[in-house]
Amino acid sequence: MIIKAEEKTLERLFQNHFIRNKKIKNRVAFPAMVCSKYREDGYVATENIEHYKQIAKGGVGLIIQEATCVSDIGRLSKTQLGIWDDGQINGLKQITNAVHSEGCAIVVQIHHAGVKSVDGVYDCPSNFIFNNPSTKTSVKGQEMSEERIKYVTQQFINAGKRAFEAGYDGIELHGAHAYLISQFLNTNVNKRTDRYGLQPELFAINILEGIRKETSEDFILGIRLGAFEPNLESSIKYAKNLEAHVNYLNISNGFYSLFQQSKPDDYPFEAHIYATEKIKQSVEIPVFAANNITSPQMAEDILVKTNADMVCIGRGILINNNWVNDAMAGRDTGRCLHCKMCERF
Ligand SMILES: Cc1cc2nc3c(=O)[nH]c(=O)nc-3n(C[C@H](O)[C@H](O)[C@H](O)COP(=O)(O)O)c2cc1C
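Residues numbered from 1 in each chain as written. Predicted model: local features only at pLDDT ≥ 70, side-chain atom pairs only at ≥ 80, totals over all residues. Heavy atoms only, no water.

Novice: Would you mind going over the overall build of the protein chain in detail, with residue names and values included?
Specialist: The helix and strand inventory of the protein chain stands at 11 helices and 15 strands. On C-alpha atoms alone, the protein chain measures out to a radius of gyration of 19 Å, which is about the 20 Å that the 2.2 N^0.38 rule sets for 345 residues. Burial status across the protein chain gives 59% buried among its 345 residues. For the protein chain, the share of sequence-separated contacts (at least 6 apart) that also reach a separation of at least 24 residues comes to 71%. Roughly 14,100 Å² of accessible area belongs to the protein chain as shown, and the carbon and sulfur atoms make up 47% of that amount. In the protein chain, the 39 positive side-chain charges and the 40 negative ones have mean positions that sit 1 Å from each other. (Helix = DSSP H or I, 4+ residues; strand = E, 2+ residues; numbered from the N terminus. Rg over C-alpha atoms; globule rule 2.2 N^0.38 Å. Buried < 20%, exposed > 50% of the residue type's maximum accessible area, 1.4 Å probe, protein only. Contact = heavy atoms within 4.5 Å. Areas by Shrake-Rupley, 256 points an atom, 1.4 Å probe, with all protein chains shown as cover. Lys, Arg positive; Asp, Glu negative; His and termini not counted. Charge placed at Lys NZ, Arg CZ, Asp CG, Glu CD.)

Novice: Please give an account of the site of the ligand that cites residues and values.
Specialist: Surveying the vicinity of the ligand reveals 17 residues, the closest of which are Ala32, Gln109, Asn292, Gly314 and Arg315. At a separation of 2.7 Å, an oxygen atom of the ligand approaches a polar backbone atom of Ala32. Taken together, the residues that form the shell around the ligand break down as 8 nonpolar, 6 polar and 3 charged. (Near = heavy atom within 4 Å. Polar contact = N/O pair within 3.5 Å; in protein donor to acceptor, adjacent residues only side chain to side chain. Nonpolar A, V, L, I, M, F, W, Y, C, P; charged D, E, K, R; others polar.)

Novice: Go over the state of the cysteines, please, and point to the residues and values.
Specialist: Per the stated rule, a full pass over the model turns up 0 disulfides. Take Cys69: it sits in no disulfide, and the sulfur closest to it among the cysteines is that of Cys124, at 15 Å. In this model Cys342 remains outside any disulfide bridge; the closest cysteine sulfur is found in Cys336, 6.2 Å from its own. (Disulfide = S-S within 2.5 Å.)

Novice: I'd like to hear about the pattern of salt bridges, residue by residue, with values.
Specialist: Throughout the structure, instances matching the rule amount to 15 salt bridges. Two residues, Asp309 and Lys280, come together in a salt bridge whose shortest N-O distance is 2.8 Å. Taken together, the residues Asp309 in the loop between α9 (296–306) and β15 (310–312) and Lys280 in helix α8 (residues 271–282) connect sequence positions 29 residues apart. Grouping residues by exposure puts Asp309 and Lys280 together as buried. Counted as one network, the salt bridges with shared partners bring together Arg75, Lys78 and Asp119. (Salt bridge = Lys/Arg side-chain N within 4 Å of Asp/Glu carboxyl O.)

Novice: Summarise the pairing of strand β11 (residues 170–175); cite the residues concerned and give the values.
Specialist: For β11, the tally of buried residues reaches 6 of 6 residues, placing the bulk of the element in the interior. Residues of β11 alternate between two faces, with Gly170, Glu172 and His174 on one and Ile171, Leu173 and Gly175 on the opposite face, all of them buried. In this structure, strand β7 (residues 105–111) lies alongside β11, joined through 4 bridges in parallel fashion. Within β11, the position partnered with Val108 by the bridge is Ile171. Both β11 and strand β12 (residues 220–226) contribute to a ladder of 6 bridges, which runs parallel. Bridging from a neighbouring strand, Ile171 pairs with Leu221 of β12. (Pairing = 2+ DSSP bridges.)

Novice: Mind laying out the packing of helix α3 (residues 146–165) against helix α6 (residues 202–214), listing which residues take part and the relevant values?
Specialist: Put simply, α3 and α6 touch, their axes get as near as 9 Å, and they point 40 degrees apart. Once α3 is placed against α6, the crossing between them reads as right-handed. Counted together, Ile149, Val152, Thr153, Phe156, Ile157, Gly160, Lys161 and Phe164 of α3 and Phe203, Asn206, Ile207, Gly210, Ile211 and Glu214 of α6 form the full contact between these two elements. Residue composition of the contact of α3 with α6, by class: 8 nonpolar, 4 polar and 2 charged. (Axes fitted to C-alpha atoms, helices over the stretch in contact; angles between N-to-C directions. Left-handed = near helix turned anticlockwise from the far one by under 90°.)

Novice: Help me get a handle on the nonpolar core, residues and values and all.
Specialist: If you look at the biggest cluster of nonpolar residues, it comprises 85 residues, and the most contacted ones within it are Ile63, Ile110, Leu173, Phe203 and Leu249. If you tally residues by element for this core, the top one is α6, at 7 residues. Setting aside residues no more than four positions away along its own chain, Phe203 makes contact with Ile149, Val152, Thr153, Phe156, Leu180, Ile181, Phe184 and Tyr196. Ile24, Ala29, Ala290 and Cys312 belong to the second largest nonpolar core, which has 14 residues in total. (Core = buried A, V, L, I, M, F, W, Y, C linked by side-chain atoms within 4.5 Å.)

Novice: So what's going on with the environment of Gly314? Which residues, and what values?
Specialist: Within the fold, Gly314 resides in the loop between β15 and α10 (315–319). Beyond its immediate stretch of four places on either side in the chain, Gly314 contacts Phe30, Pro31 and Met33.

Novice: So what's going on with the packing of aromatic side chains? Residues and values would help.
Specialist: Scanning all chains against the criterion turns up 9 aromatic pairs. An angle of 85 degrees between the planes, with centres 6.1 Å apart, marks the rings of Phe130 and Phe255 as edge-to-face. Taken as a pair, Phe130 in strand β9 (residues 128–132) and Phe255 in the loop between β13 (248–252) and α8 lie far apart in primary sequence, 125 residues in all. The same class applies to Phe130 and to Phe255, which are both buried. Clustering of aromatic rings is evident, with ring pairs tying together Phe156, Phe184, Tyr196 and Phe203. (Phe/Tyr/Trp six-rings, centres within 6.5 Å; stacked < 30°, edge-to-face > 60°.)

Novice: I'd like a rundown of α6, residues and numbers included.
Specialist: Here α6 contains 13 residues, and its C-alpha end-to-end distance of 18 Å stays within 8% of the 18 Å for a straight helix at 1.5 Å per residue. Residues of α6 that are buried include every one of Leu202, Phe203, Ala204, Ile205, Ile207, Leu208, Gly210, Ile211 and Arg212, and no others. (Expected span 1.5 Å × (residues − 1).)

Novice: With reference to specific residues and values, describe the packing of α8 against α9.
Specialist: Relative orientation of the contacting elements α8 and α9 amounts to 35 degrees, with a least axis distance of 9 Å. Where α8 approaches α9, its residues Ile273, Glu277 and Lys280 are matched on the opposing element by Ile302, Lys305 and Thr306. A breakdown of the residues in the contact of α8 with α9 according to their chemical character gives 2 nonpolar, 1 polar and 3 charged.

Novice: If you had to explain the sheet that holds strand β5 (residues 28–30) to someone new, which residues and values would you point to?
Specialist: Overall, parallel pairing links the 8 strands, which are arranged β5-β6-β7-β11-β12-β13-β14-β15 in a closed barrel. Across this sheet, the average inter-strand angle for adjacent strands is 30 degrees, counted without regard to direction.

See the structure below:
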């Protein structure tokens, strides 16, 4: 389908395509956005179901459900959604049913905060002082023993199994934004001398292999990776080493404050997009672009320039759930004013 907007065509944006064996109706994804502020037991509230139903109605091809914690002591906030208990499956099933009934695919982002946890347990690959820029506090990350790593690996695998039972089309491992997997990947944080230090992506690979065994061949396995973890060269290396284990890569921020971001001066988009283009050139699997994509035309231009397979529209869709339908109809999709209201959960 070819849609005209601002005198140009949005051809690639509205093409259907496949992730693993799942047909996705266009190239717009709603990325994981933690919005839940309803319950403290990790269970789904009716507001969560309604939230995702409305976003699916707005026309996106794929929803990546917000970071959903695999452990009740690894949460990023007290009201974070959870997938650590079988009792949570029923509520999650209501989200997948609501989204699928609108013709939209959905994966759930599974997550552990590690040293960024609000639960008083500061799991980290190495002893590490974490200065939290949001709360302006610092905590001491506790080096995980091999047994502890295996235990948390199993928590992720169990979460993947629950996601499969709840009807998700797949999972996305949260491997970015300074959370536990990002802590393993970033060699400024991970100073281990054992196999988890020598191969920083091993923790993620063990999780992915375990989930594949417990689910099906069709179940989508994705990972969100930092574009600079801590630099582009290491992120490209991780992308290549993870390629055999995942069905897509979603490129975002790494362990913030510890990354080295760069792009050529004349590159027309921001550094994450530049990194996405370079990563896409290094792998065969689908790659998603994200960060400050503020209009349908910009989304189309990024898809064309980088050859990325999907664009993530986060705050744009939060403020206008109907973003995709509006873009298809050539209507104004609105613009986030960066008021930060969405960050209060
Ligand atoms: C309120 C809020 C919550 C977020 N929650 C998550 C999350 O759960 N997982 C994640 O990977 N990224 C999360 N992000 C980052 C977004 O997925 C997205 O990458 C970021 O907002 C940039 O895209 P945008 O400019 O289109 O909004 C969050 C961002 C915001 C503003």
